[in-house]
Amino acid sequence: MKKRLGLVLLSVLVMAMLTTACSGSNGNDSGNATTNKNNNGEVVRLKIWGGTPEENGPKQVVENWNAQNPNIQVEYVRFVNDDAGNTKLDTALYSGKDVDIFIGYTPTLRNKRIDAGVVEPLDAYINGDSFDLDKNFGSDNIEVIDDHIYYIPAQKAIDGILINKTMLDEIGEPLPSADWTWGDLADLSKKLTTGEGANKRYGFMFDYATTTISFEQYMAMSEVGADYYYNADGSSSFDQSYWKEIYALHQRMQNVDGSVYPYGDVVTAKPSLAQEFVNEKAAMIFGSFHIRSVKDLENYPHDFVTAVLPIPTLNKDTKSYNGFGMQDFLSISKNSQNKDAAWEFIKWYSTEGYSPMVDFGRVPSWKDYDVTKIVEQTVGENAHLFDIDSMKAFYSGNYNFSFPKNNTARSELDKLIKEETEQLILNDKSIDDTLASLKERADKLIGERK
Amino acid sequence: MLPWYNKNKEQLTGYLFILPNMLGLICLTFIPILFSAFLSFTEWNFLGGFKALKWIGLDNYFAMFEDPWFLKSLRNNFIYVAITVPLIMLFALPIALILNSKVYWKNLIRMMIFMPYVSSAVIVAVVWGLLYRPSEGLINSFLRDLGLVNPPGWIASTTWALPAVIIIGVWGLIGYTMILYLAGLQGIPRDLYEAAEVDGANSMKKLLYITVPMLRPTTFFIMVTLIITTFQVFGTIFMLTQGGPAGSTSMLAYYIYITAFNFHKFGYSSAMSWFLFLMLFIVTFFQWRQQKKWANDF
């Protein structure tokens, strides 16, 4: 008897310990939205979820709006735009709590949310208001998903590379033209790499640690657009020649030239790209959004001049893509109790309301926003530390953006490509073996999802 | 003998006393556990709501053994536990013995060793990340000063990442184990030692024939809890390596999390959780049986 009791107690103990570690997944009560109903002049309260740190613009946006609209008071809730933060947002959306408007950043996640039916279609609001999408954003930039429009993009995210122009002048190299290739970048990176050991300066740095999209994926996107994982027949694309070019280039930069900030150092110590850039440890960094840090002399003191170029292409003579393009997807939660008020806010924020965000390096998608003003606002007081010509060209350039259309097993493929790339970079697995194993495993993953 | 209704009343009072706690346990633990058992037989993306739920029977349980990521995580997990648990016990017992005798700065040392156990996993991961940095990290700088030309890449190397994670695991749990051993040492009656001294036993003999056997229940308890805890290692993996590089530190708890929240396969993820539970249950059950046998020998 006693023995049995002991066994029962033991199993409870094991269970309790087990659940503390891996549960939390199942405890969703589907509650109702808690926001107030709009009844005769009562103040409507909206909760907006976004990933930008509050002090980098959203706070000012909220203040501006609240001052102009005493009847609709908004509150900004920041979620960190990583796996954990997006999980938090997903959980809030699904349980229908405390979200009226949310700002999405990753197209795959956005599509997942649309599939799940937690996103309100905006067509009725757009037509009801005769809000002219073509005039405001360009109709190519508004994505229609299953015959509906689910979001308004507030930001035009042009993928770019920040370059330390002063270093470029020191080695007597001109600034490359905007139609440069990844090969040009690799050559330049090699020339910019100097020093040894603790004094080593790398030509180029990519954030392998925290970005959800790898270096390979960005290069592939520049060549074929956002559906870089898939062939036309739906199978995986790792038998295409562009992957071979991409891996050869990355392998050369990382393991032969040693001109990229080492993979191992980035994933272990997770150094900040902007920090390494202003410390002159990296001459070029990936990510034009780092401008918002570089212009902040208080936290990132430096005295060199920064130029910006759009991301290169793989081959000069083929059509190239700049990335997902339109960003900051403004959507209304299906469970919001104040959808009309939420639409009013979205309309304002995606046009004139976006101004405070521009101060922090974000580019408005609104066509009526003047390029000179964007550059002025972006560089702020430190115009002498930026190469203004390259910036103007960067913001006014004509880019092909690309929306992902096929998302079969995309999260799994992201994990797979990271794993195989690590084998290649860290263990010198050959490119052919890597691609063969990628092709086989990717096809299997795609097959399981079909 | 009380009349039956009085006895019942007394029972009712008792049940009422434990009710608040039981309610919490039922709502937050038992119901989710049962729900996850149900989910393990389904295919479900939780973003799709209940209408997306599909009953697929035992398929999830079969799929596991054809999933290279699962098998790799399982293998890593076994290696992790098999090395971490003995190492922790090997370090914790001598420390406890030393701290149990008269030493200077006893409280301070005890606190320092216990500290990692109560530190936030986030901070621990950041600090170890800096220490393990291959090129300029503290550990490798030190090794280079010692004359090592090619120090290991630690968590940036597929061979060294698992040992690196094991080191963190051992470091983090020594304090807790040491406290348990200290408590166990306090429970050994002094007169046993005195009797042994009268018989002329030296300190080595006292350790081997009194301390170690008397600590058996403590050791057993420590082993069971350590195996359960280390099998579920998650914080370090999630914060520091994300299962990488190339899957070399992927563990079950982490892969279960990824499957649920990145791949949105809740059914499959629940099935793996139940597999983990059953595995731990069986391991613990046999340990329990073994313990009974030892107790009889004694």
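Predicted model, so just to flag it, every value in this text is computed and none were measured.

Reading the values: the criteria
- Residue numbers run consecutively from 1 along every chain, following the written order of its sequence.
- Each chain is given a letter, starting from A, and each ligand a number, starting from 1, according to the order in which they appear as written.
- With the structure being a predicted model, the display of local features is reserved for residues of pLDDT at least 70 and the display and counting of side-chain atom pairs for 80 or more, all residues being used for whole-chain, interface and lining totals.
- Working from all heavy atoms in the structure, the side-chain values ignore hydrogens and water.
- Secondary structure elements are taken from DSSP: a helix is a run of H or I of four residues or more, a strand is a run of E of two residues or more, and numbering for both begins at the N terminus.
- For a compact globule the rule gives 2.2 Å times the number of residues to the power 0.38, and the radius of gyration it is set against comes from C-alpha atoms.
- The cut-offs for exposure are 20% and 50% of the maximum accessible area for each residue type, with area from a 1.4 Å probe on protein chains only; residues under the lower value are buried, those over the upper are exposed, and the others partly exposed.
- Calculation of accessible area relied on Shrake-Rupley with a 1.4 Å probe; when residues are assessed, cover is drawn exclusively from the protein chains displayed.
- Under this rule, positive means Lys or Arg and negative means Asp or Glu; His and the chain ends count for nothing.
- For this purpose, a charge sits on NZ of Lys, CZ of Arg, CG of Asp or CD of Glu.
- Any residue with relative accessible area above 30% and no salt bridge may belong to a patch, with like charges joined within 9 Å and the nonpolar Val, Leu, Ile, Met, Phe, Trp and Tyr side chains within 5 Å.
- Within this document, salt bridges are pairs made up of a side-chain nitrogen of Lys or Arg and a carboxyl oxygen of Asp or Glu, the two lying within 4 Å of each other.
- We call two residues in contact whenever any of their non-hydrogen atoms come within 4.5 Å of each other.
- Just so you know, the domain bounds were taken from an automatic or database domain assignment.
- Buried area adds together the accessible area that both of two parts lose upon being put together, with accessible area traced by a 1.4 Å probe.
- In protein, a polar contact requires one atom able to donate a hydrogen and another able to accept it; more generally it is a pair of N or O atoms within 3.5 Å, and residues adjacent in sequence count only if both atoms are side-chain atoms.
- Charged means Asp, Glu, Lys or Arg here, nonpolar means Ala, Val, Leu, Ile, Met, Phe, Trp, Tyr, Cys or Pro, and polar covers whatever is left, Gly included.

J.: A description of the overall build of chain A should follow, citing residues and the corresponding values.
T.: Counting its secondary structure elements, chain A contains 19 helices and 10 strands. The C-alpha radius of gyration computed for chain A amounts to 24 Å, which stays within 12% of the reference 22 Å derived for 450 residues, consistent with globular compactness. On the principal axes, the C-alpha backbone points of chain A span a range of 70 × 70 × 45 Å. Buried positions account for 59% of the 450 residues belonging to chain A. In the structure as shown, chain A presents an accessible area of about 18800 Å², 47% of it carried by carbon and sulfur atoms. The average position of the 45 basic charges and that of the 66 acidic charges among the side chains of chain A differ by 6 Å.

J.: Outline a negative patch on the surface, listing residues and values.
T.: Residue and element names in this part refer to chain A. Residues D169, E170, E280 and D303 make up a contiguous surface patch of negative charge. The residue D303 is located in the loop between α13 (291-294) and β9 (306-310) in this model. Overall, the relative accessible area of 65% leaves D303 in the exposed class.

J.: Run through the environment of N77(B), naming residues and quoting values.
T.: Residues and elements named next belong to chain B. Among the secondary structure elements, N77 is positioned in helix α3 (residues 68-100). The sequence separation of N77 and L93 amounts to 16 residues, and the corresponding C-alpha distance is 24 Å. Sequence-distant contacts of N77, defined by excluding residues within four places in its chain, comprise T230, F231, V233, M251 and L252.

J.: Account for the domain arrangement of chain A, with residues named and values stated.
T.: Residue and element names in this part refer to chain A. Each domain of chain A was delimited in the assignment, giving domain 1 (44-157 + 324-369) and domain 2 (160-323 + 402-449). Averaged C-alpha coordinates put domain 1 and domain 2 at centres separated by 29 Å. On the side of domain 2, 14 residues touch domain 1, which itself brings 17 residues to the contact. For the pairing of domain 1 and domain 2, the buried interface totals around 1200 Å² over both sides, and the portion due to carbon and sulfur atoms is 55%. Here domain 1 and domain 2 share 2 residue pairs in polar contact (both at pLDDT 80 or more) between them. It is helix α4 (residues 107-115) that provides the largest number of residues to the side of domain 1 that touches domain 2, a total of 4 residues. Considered class by class, the residues forming the side of domain 1 that touches domain 2 number 5 nonpolar, 6 polar and 6 charged.

J.: Any chance you could break down the interface of chain A and chain B for me, citing the residues and the numbers?
T.: Contact residues are listed per partner, giving 44 residues for chain A and 55 residues for chain B. Taking both partners together, chain A and chain B bury about 4700 Å²; carbon and sulfur atoms supply 67% of that area. Here chain A is connected to chain B by 2 salt bridges. Inspection of the region where chain A meets chain B yields 9 residue pairs in polar contact (both at pLDDT 80 or more). Elements with a minimum of two residues in the side of chain A that touches chain B: α1 (2-22), α3 (83-94), α11 (263-269), α18 (410-427) and α19 (431-449) of chain A. For the side of chain A that touches chain B, the element with the most residues is α1(A), which contributes 11 residues. Of the residues in the side of chain A that touches chain B, the class split is 17 nonpolar, 13 polar and 14 charged.

J.: I'd like a rundown of unusual backbone geometry, residues and numbers included.
T.: Residue and element names in this part refer to chain A. The phi dihedral of S130 is positive, around 40°, even though this residue is not glycine. Among the secondary structure elements, S130 is positioned in the loop between α5 (123-129) and α6 (133-137). Owing to a relative accessible area of 63%, S130 belongs among the exposed residues under this scheme. With phi around 50°, D146 is a residue other than glycine that occupies positive phi space. One can find D146 in the loop between α6 and β5 (152-156).

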